[in-house]
Every structure is written in structure tokens, then in C-alpha cells.
Amino acid sequence: MTVATEIHKSHWTGERIARLGFLLGLGWDAKRVAQDPIIASTPNNVFRQAQRFGLGFRAAAAALSLQLPPDATTHFEAAAFKRGLTCDAIIRNLLVEVAADPNLLDNILDDGV
């Protein structure tokens, strides 16, 4: 006796490909991308399709591991949720913006002394 399983195969439309690229740009991992209602796939298939379309996941080795105080974590998590980003993505965006303006970076660092 064999057990039949239904596998839902859907074509990778322009909408799904664009969504895949958008979610990867937000820093989502394959499991989270796969659960998105537009993507609706498996993590393995998400990896394969990202490779097929020349999209990449952010390297885990390049990730910055921070241990923030609980109140700071709460603020970053709220800001990330409000914008539909991960906490890591919001911190990365903030750091990139600050680093882009040397005067702002110096002012922040000098005021903290």
C-alpha cells in the first residue's frame, strides 16, 4: 500500500520572484521566506530558486552578534515590527545610515563620551 501525498507545485511568477528578492533583501532566512503566503514553498526550494535567480542570502559569517540591554532590544524590536523588518535588519540599516555620514558618526560618538 502506498501513501499518496499531494505536492503543490506553483510556477515562479514575476510576483513571486520579486517577493523573494524583497524578503531576502530584508534579511529573512529561507524558513521564514518559505512561510510567506506569496512564496508558499519549502526552505529547500527557496534556496534553489534564490540561486536560480541570482539572489543571495546574507552571509551568516558577516552577521554581527550583539547583546543589547533589554530596553534597547525592546525599542529595536518595536521599530523593526513597525517596518516589517527583522531586528537584525533594522540595526543593520541604522548602522549603514550612521556610517554614511562621518559627521553624524563623530557627533554620536563624541556625545557618548
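Refer to the structure printed above.
Now for a look at the structure at hand.

Cut-offs applied
Residues numbered from 1 in each chain as written. Predicted model: local features only at pLDDT ≥ 70, side-chain atom pairs only at ≥ 80, totals over all residues. Heavy atoms only, no water. Core = buried A, V, L, I, M, F, W, Y, C linked by side-chain atoms within 4.5 Å. Buried < 20%, exposed > 50% of the residue type's maximum accessible area, 1.4 Å probe, protein only. Helix = DSSP H or I, 4+ residues; strand = E, 2+ residues; numbered from the N terminus. Contact = heavy atoms within 4.5 Å. Phe/Tyr/Trp six-rings, centres within 6.5 Å; stacked < 30°, edge-to-face > 60°. Polar contact = N/O pair within 3.5 Å; in protein donor to acceptor, adjacent residues only side chain to side chain. Axes fitted to C-alpha atoms, helices over the stretch in contact; angles between N-to-C directions. Parallel < 35°, antiparallel > 145°, perpendicular 65-115°, else oblique. Nonpolar A, V, L, I, M, F, W, Y, C, P; charged D, E, K, R; others polar.

Comments concerning the nonpolar core
Core analysis: the biggest nonpolar cluster contains 17 residues, and Leu20, Leu23, Val33, Ile39 and Val46 have the highest contact counts within it. Elements supplying a minimum of two residues to this core: helix H1 (14-25), helix H2 (30-35), helix H3 (43-52) and helix H5 (87-100). Here Leu20 is in contact with Trp12, Val33, Ile39, Val46, Gln49, Ala50, Phe53 and Leu55, once residues within four sequence places are set aside.

Here's the deal with the packing of aromatic side chains
By the definition in use, this model includes one aromatic pair. Between the aromatic rings of Trp12 and Phe53, the centroid separation amounts to 6.4 Å while the plane-to-plane angle is 50°, which identifies the pairing as tilted. Of the two residues, Trp12 sits in the segment before H1 while Phe53 sits in the loop between H3 and helix H4 (70-83), which places them 41 residues apart along the sequence. Its relative accessible area of 13% is what places Trp12 among the buried residues. We classify Phe53 as partly exposed; its relative accessible area is 27%.

A word on the side chain of Gln49
With respect to the helices, strands and loops of the structure, Gln49 is situated in helix H3. One polar contact links Gln49 to Arg52, side chain to side chain, over a distance of 2.9 Å. With residues up to four places along the chain from it excluded, the contact list for Gln49 reads Trp12 and Leu20.

Some points on the environment of Leu20
Note on placement: Leu20 falls in helix H1. Residues Leu20 and Ala50, spaced 30 residues apart in sequence, show a C-alpha to C-alpha distance of 7.4 Å.

Here's the deal with the packing of H4 against H5
Between H4 and H5, the shortest axis-to-axis distance is 8 Å and the interhelical angle comes to 95°. For the element pair H4 / H5, the angle class is roughly perpendicular. Here Phe76, Glu77, Ala79, Ala80 and Arg83 of H4 lie close against H5, whose contacting residues are Cys87, Ile90, Ile91 and Leu94. Among the residues making up the contact of H4 with H5, the classes are represented as seven nonpolar, no polar and two charged.

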